[in-house]
Amino acid sequence: MKGYHVAVVGATGAVGRELLHVLERRNFPVASLQPIASQRSAGTSVRFRDEFIPVQQLREDSFRNIDVAFFSAGGETSRKYVPLASQANAIVIDNSSAFRMETHVPLVIPEINGHDVRMHCGLIANPNCTTAITLMALYPLHCVFGVRRIFAATYQAVSGSGARAIDELMQQIKTCAAQEELLTDPRPRNYGKSIPADHKLTCAMQATIFPHPIAFNLLPHVDSFLENGYTREEMKMQNEARKIMHLPHFRASTTCVRVPVYRAHSVAVSAEFDKPVSVEQASEVLAKAPGLELIDEPKLNRYPTPLSVTGKDNCQVGRVRVDGALDNGLSFWVAGDQLLKGAALNAVQIAELL
């Protein structure tokens, strides 16, 4: 099998590190690896196949002689450097949202629309993590029953915001553990009269990545707010799903919530279909779906959780039940490791299709 010269942009970040693990674990034919990061991380090293490889600073000429370039360093970096990588004849698989909705850029989940890879012109986009995890369960149902719309609430782990967000949650938990009374008695002591009583816990925890402390908290705020009251993350569910499923009239009303979980996203979905659907029919479809495990024995306390999917390639679906508010409706709960199927694994699977 031919070996490929591979670059990983953002190699020291949460997704970049996972990409290296997936490439190695799946025996992707790497002839040479070039880990690339910002100036801050340049000079450090990453481990790949029992070797420590120096991290190079991202430069305009970083993609010379590169066959495949994985980008996972944010939209601003992708917008600047993806065109340069393409000019150097590298095939780019981009994990940011920068190019997902461009008409000439395939947006791909291999189990759903892998055939769209054939339309690429040197750039393929990886979908948003919550969209990917949701569609792993929704699309097989759509193929049989025809989905019209969904109402969804996401429960998104902090690692979706990168390694620094993980560190922030860890530090806030340590702060609270060191001052246990903050959790049981939030009234301020020695903070002065200007601080409201319910702000004692907030004052003790430093929040820099998120707008509020995330430890022991929930934030109904993922990405920036739009004029319509939704966030960009929430609109991705509808817009990206339409493109991936080739379903322009699909509608989604989504509320995205950041939760104090280190890894793996979960989504509660209520879906309305064209055809009537029973729990038995849906379960049969979901049990056969690729990349998905049906874990649905609630009486035995068996259902997907973030911990049960962490580090696993497959997503899990459970709590399947007839929706009580929608015609031809079905409710379910799906969870997946957003660093894997929501990012690194999906990117490598795309590269394998090439």
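1. Some remarks on the overall build of the chain
Next up, step 1: What the chain contains, in helices and strands, is 11 helices and 14 strands.
Next up, step 2: Computed over the C-alpha atoms, the radius of gyration of the chain is 21 Å, within 12% of the 20 Å expected from 2.2 N^0.38 for a compact globule of 354 residues.
Next up, step 3: Seen through its C-alpha atoms, the chain measures out along the principal axes to roughly 60 × 55 × 40 Å.
Next up, step 4: Taken over 354 residues, the chain has a buried fraction of 51%.

2. Focus: the sheet that holds strand E7 (residues 91-94)
Next up, step 1: Spatially, the 6 strands line up as an open sheet ordered E5-E2-E1-E6-E7-E8, and their pairing is parallel. If you trace the sheet from one side to the other, it starts and ends with strand E5 (56-57) and strand E8 (123-125), each paired once.
Next up, step 2: Relative to E7, strand E6 (residues 68-71) runs parallel, the two sharing 4 bridges. Directly across from Ala 69, in E7, lies its bridge partner Val 92.

3. A closer look at the pairing of strand E13 (residues 315-322)
Successive residues of a regular strand alternate their side chains across the two faces of the sheet.
Next up, step 1: Sheet topology places strand E12 (residues 292-294) next to E13; 3 bridges connect them, and they run parallel. Bridging from a neighbouring strand, Glu 293 pairs with Gln 316 of E13.
Next up, step 2: Examined bridge by bridge, E13 and strand E14 (residues 329-336) share 5 bridges and lie antiparallel to one another. Across the sheet, residue Arg 321 finds its bridge partner in E14, namely Ser 331.

4. Some details on the nonpolar core
Next up, step 1: In this structure, Leu 138, Ile 150 and Phe 332 are the most contacted members of the largest nonpolar core, which totals 56 residues.
Next up, step 2: Ranked by residues supplied to this core, first place goes to helix H4 (residues 129-145) with 9 residues.
Next up, step 3: When residues no more than four places from it in sequence are discounted, the contact partners of Leu 138 are Val 147, Ile 150, Met 245, Phe 250, Ala 271, Phe 273 and Phe 332.
Next up, step 4: Among the nonpolar cores identified, the runner-up in size contains 32 residues, and Ala 11, Ile 53, Val 348 and Ala 351 belong to it.

5. Some words on the sheet that holds strand E11 (residues 265-273)
Next up, step 1: Strand order in this open sheet of 6 strands is E10-E9-E11-E14-E13-E12, and the pairing throughout is mixed. If you trace the sheet from one side to the other, it starts and ends with strand E10 (251-258) and E12, each paired once. Put simply, the sheet's adjacent strands are angled 20° from each other on average, direction ignored.
Next up, step 2: Across 8 bridges, the pairing between strand E9 (residues 147-156) and E11 is antiparallel. Considered in E11, the bridge of Arg 149 is made with Glu 272.
Next up, step 3: Helix H8 (residues 232-245) contacts E9, E10 and E11 of the sheet and is inclined by roughly 135° relative to E10.

6. Topic: the confidence of the model for the chain
Next up, step 1: In this model, the chain carries a mean pLDDT of 93, and residues with pLDDT of at least 70 account for 93%.
Next up, step 2: Taken together, the stretch residues 190-195 has pLDDT below 50 and engages in 5 contacts with residues farther than four places along the chain or on a different chain.

7. Focus: the environment of Gly 13
Next up, step 1: Along the polypeptide, Gly 13 turns up in the loop between strand E1 (4-9) and helix H1 (14-25).
Next up, step 2: Classification of Gly 13 as partly exposed rests on a relative accessible area of 25%.
Next up, step 3: Each C-alpha atom of the pair Gly 13 and Ala 125 lies 19 Å from the other, and the pair is 112 residues apart in sequence.

8. Focus: the pairing of strand E2 (residues 30-37)
Next up, step 1: Relative to E2, E1 runs parallel, the two being bridged by 6 bridges. The residue of E2 that forms the bridge with Val 6 is Leu 33.
Next up, step 2: Following the backbone out of E1, through H1 and into the adjacent parallel E2, one traces a crossover that is right-handed.

9. Description of the state of the cysteines
Next up, step 1: Summed over all chains, the structure comprises 0 disulfides.
Next up, step 2: Free of any disulfide, Cys 129 has its nearest neighbouring cysteine sulfur in Cys 256, separated by 8.7 Å.
Next up, step 3: The class of Cys 129 is buried, set by a relative accessible area of 13%.
Next up, step 4: As a non-bridged cysteine, Cys 143 has Cys 315 as the owner of its nearest cysteine sulfur, 16 Å distant.

Rules used in this analysis
Throughout this document, residue positions are counted from 1 along each chain, in the order its sequence is written. Local features in a predicted model are, by the rule used here, given only for residues with pLDDT of at least 70; side-chain atom pairs are given and counted only at 80 or more, and totals for whole chains, interfaces and linings are based on all residues. In computing side-chain properties, one takes all heavy atoms of the structure into account and sets aside hydrogens as well as water. By definition, any uninterrupted DSSP run of H or I lasting at least four residues is a helix, any uninterrupted run of E lasting at least two residues is a strand, and each is numbered from the N terminus. For this measure, only C-alpha atoms enter the radius of gyration; the expected value for a globule follows 2.2 Å times N^0.38, where N is the number of residues. Relative accessibility decides the category of a residue: with a 1.4 Å probe and only protein chains considered, values under 20% of the type maximum give buried, values over 50% give exposed, and everything between is partly exposed. Pairing between two strands requires that DSSP report at least two bridges joining them. As used here, the term nonpolar core means buried Ala, Val, Leu, Ile, Met, Phe, Trp, Tyr and Cys residues forming a set that is joined through side-chain atoms within 4.5 Å. Residue contacts are counted whenever heavy atoms from the two residues lie within 4.5 Å of one another. Interaxial angles span 0 to 180 degrees and are taken between N-to-C directions of axes, which are lines fitted to C-alpha atoms, for helices over the stretch in contact. Scored from 0 to 100, pLDDT reflects the predictor's confidence in each residue. The handedness rule is simple: strands pointing away from the viewer, and a clockwise path from the first strand over the helix to the second, make the crossover right-handed. Note that a disulfide, as used here, is simply two cysteine sulfur atoms within 2.5 Å.

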